[in-house]
Amino acid sequence: MNVATSIQTDITPKGTDYDTVRCVIEALTENYRDQPSLEALARRLGQPPTQLQKVFTRWAGLSPKAFLQAVTLDHAKRLLRQEDMPLLETSIEVGLSGPGRLHDLFVTHEAMSPGEWKARGAGLTIRYGFHPSPFGTALVMVTDRGLAGLAFADPGEERASFEDMAGRWPNALYVEDSAATARYAARIFDPDRWSAEEPLRIFLIGSDFQVRVWQALLHVPLGKATTYSRIAEEIGQPTASRAVGAAVGRNPISFVVPCHRALGKSGDLTGYHWGLTRKRAILGWEAGKA
DNA sequence: CAGCAGTGTGCGA
DNA sequence: TCGCACACTGCTG
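Residues numbered from 1 in each chain as written. Chains lettered and ligands numbered in written order. Predicted model: local features only at pLDDT ≥ 70, side-chain atom pairs only at ≥ 80, totals over all residues. Heavy atoms only, no water.

Thoughts on the protein's contact with DNA strand B
Quick note on the threshold: Nearness is judged by heavy atoms alone; a residue qualifies as near a molecule or strand once a single heavy atom is within 4 Å of it. Under the scheme used here, helices are H or I runs from DSSP no shorter than 4 residues and strands are E runs no shorter than 2 residues, and both carry numbers assigned from the N terminus. Gly is put with the polar residues, along with every residue not named as nonpolar or charged; the nonpolar set is Ala, Val, Leu, Ile, Met, Phe, Trp, Tyr, Cys and Pro, and the charged set is Asp, Glu, Lys and Arg.
Taken together, Trp 117, Arg 120, Ser 207, Phe 209, Gln 210, Gln 237, Thr 239, Ala 240, Arg 242, Ala 243 and Ala 246 make up the full set of residues adjacent to DNA strand B. When atoms of DNA strand B within 4 Å of the protein are sorted by moiety, sugar and phosphate together comprise 71%. Those elements that place two or more of their residues in the surface near DNA strand B are α11 (208-218) and α13 (241-249). At 3 residues, the largest contribution of residues to the surface near DNA strand B is made by α13. For the surface near DNA strand B, the per-class residue count stands at 5 nonpolar, 4 polar and 2 charged.

Here you go:
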């Protein structure tokens, strides 16, 4: 299959904003001590300051300065406050993401049986496509049981992202079908189209332990965050926080299963499979929507 | 502050 | 089958 060529036709100008934004975020976070001015950033990117300000603010709903505020340690700690956090049990019984997520992406989930998991995707047809997103090119993978994969790629890295995802279920049949995946992408990244009445169907393909961790993530509302150790407690294995970290890192449906809302206990962002800058970008973007 | 144990999983030897 | 590395954390000196 020819992954690289298939992308071109899908990219709209909107997708390129993220490249600018990513550079700004990188510059801001690398030198946040120096509080780089808009001027300095603009010079670095070779763009007029007003233009830069405009693109960034349109993207984030926040000025670069406010954005920086939103990804500081202090703010992360505020996200970790537990009040208003929905209880795990109630949410699971309802089969929805819970009553506290009025402004969040609503989701129903179905998980693979252990036997299916061992088959590593055998007998499964996965349709995939690349689409622009606020966080760069997104790789969307769907099955007839729902959304199964969501990955990101920096420019030129599309093939690597695909390999990363396809390697998780090596026995599945992969069919490029961006017509089928486009409507998922459009909906996932447009908060105006998140609806409790019509939840997004997702299909969690993973080990039992992983699925429990991912389900716990689904109960973290937009504008909130949790920690690896708190998830460990929630799934009844309070000492398994490290294992939780590994499972969070294997989350196949980034963004929809909000693994970016898992932080270190100190409020550190720790890591992100698709790059720490992207984790910052998503958290900052969410701060603009919350 | 460094070092280490405890955890589930996947991967290569 | 075994050993190791992980997007971790709390306890020990």
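Continuing now.
Some points on the protein's contact with DNA strand C
Inclusion rule: Distance and chemistry together define a polar contact, namely a pair of N or O atoms within 3.5 Å, with one atom able to donate a hydrogen and the other to accept it when in protein, and with adjacent residues in sequence counting only for side-chain atoms on both sides.
By nearness alone, 15 residues border DNA strand C, and Tyr 228, Arg 242, Val 248, Lys 265 and His 273 come closest of all. Those atoms of DNA strand C that come within 4 Å of the protein belong to sugar or phosphate at a rate of 46%. His 273 is positioned such that a nitrogen or oxygen atom in its backbone is 3.0 Å from a base nitrogen of DNA strand C. For the surface near DNA strand C, the secondary structure elements donating two or more residues are α12 (228-234) and α13. No other element matches the 6 residues that α13 contributes to the surface near DNA strand C. Looking at the surface near DNA strand C, its residues break down into 5 nonpolar, 8 polar and 2 charged.

Here we look at the packing of aromatic side chains
Each aromatic ring pair is summarised here by two numbers: the centre-to-centre distance and the angle between the ring planes. To keep things clear, this is the line we draw: Think of it this way: a Phe, Tyr or Trp ring, Trp meaning its six-membered ring, pairs with another when their centres are within 6.5 Å, and the plane angle makes it stacked under 30 degrees, edge-to-face over 60, tilted otherwise. A 1.4 Å probe rolled over the protein chains alone gives each residue an accessible area, and that area as a share of the maximum for its type sets the label: buried under 20%, exposed over 50%, partly exposed in between.
In this structure the tally under the stated criterion is 15 aromatic pairs. Look at Phe 56 and Trp 59: their rings are 6.0 Å apart centre to centre, the planes differ by 55 degrees, and that puts the pair in the tilted class. With a gap of 3 residues between them, Phe 56 and Trp 59 both fall in helix α4 (residues 49-60), about one helical turn apart. Taking the relative accessible area as the measure of exposure, Trp 59 reaches 7% and is therefore buried. With centroids separated by 5.9 Å and ring planes inclined at 85 degrees, the aromatic side chains of Trp 59 and Phe 135 adopt a geometry described as edge-to-face. Note that Trp 59 is positioned in helix α4 and Phe 135 in the loop between β2 (125-131) and β3 (137-143), a separation of 76 residues in sequence. Put simply, the rings of Tyr 18, Phe 56, Trp 59, Phe 67, Phe 135, Phe 152, Phe 189, Phe 255 and Trp 285 pair up and form one aromatic cluster.

Some remarks on the nonpolar core
Soluble globular proteins: nonpolar side chains tend toward being buried together. Applied cut-off: Buried Ala, Val, Leu, Ile, Met, Phe, Trp, Tyr and Cys residues that are joined via side-chain atoms within 4.5 Å together make up what is termed a nonpolar core. Where a domain begins and ends is set by an automatic assignment or by a domain database. The contact rule is simple, with two residues in contact once any of their heavy atoms fall within 4.5 Å.
Ranked by internal contacts, the top residues of the largest apolar core, which has 77 residues, are Trp 59, Phe 135, Leu 147, Ile 188, Ile 202, Phe 255 and Val 256. Tallying contributions element by element places α11 first for this core, with 7 residues. Two domains each provide a minimum of three residues to this core, namely domain 1 (3-79) and domain 2 (88-273). Ignoring any residue separated from it by four or fewer positions in sequence, one finds Ile 188 in contact with Leu 105, Leu 147, Leu 150, Trp 194, Leu 200, Phe 255 and Val 256. Counting residues in each nonpolar core, the second largest holds 7 residues, with Ala 76, Leu 79, Leu 80 and Leu 263 among its members.

Some remarks on the environment of Glu 39
Looking at the secondary structure, you find Glu 39 in helix α3 (residues 38-45). Residue Glu 39 is classed as partly exposed on the basis of its relative accessible area of 48%. Once the C-alpha coordinates of Glu 39 and Thr 50 are considered, the two residues, 11 residues apart in sequence, prove to be 9.2 Å apart.

Topic: the confidence of the model for chain A
Where we set the bar: Residue-level confidence of the predictor is what pLDDT reports, using numbers from 0 through 100.
Taken over all residues, the pLDDT of chain A has a mean of 82, while the share at 70 or more is 85%. This stretch, residues 1-15, has a pLDDT under 50; its non-local contacts, to residues over four places away or in other chains, come to 19 contacts. Low pLDDT (under 50) marks residues 87-103, which in the prediction has 32 contacts with non-local residues, meaning those over four places away or in another chain.

A short note on helix α9 (residues 158-166)
Turn by turn, an α-helix covers 3.6 residues, leaving residues three or four places apart pointing in a common direction. Heads up, the rule is: What the arc measures is the spread of directions leading from the helix axis to the C-beta atoms.
Buried within α9 are the following residues: Glu 158, Ser 161, Phe 162, Met 165 and Ala 166. Take α9 and look down its axis: the buried residues cluster within an arc of 125 degrees, on one side only.

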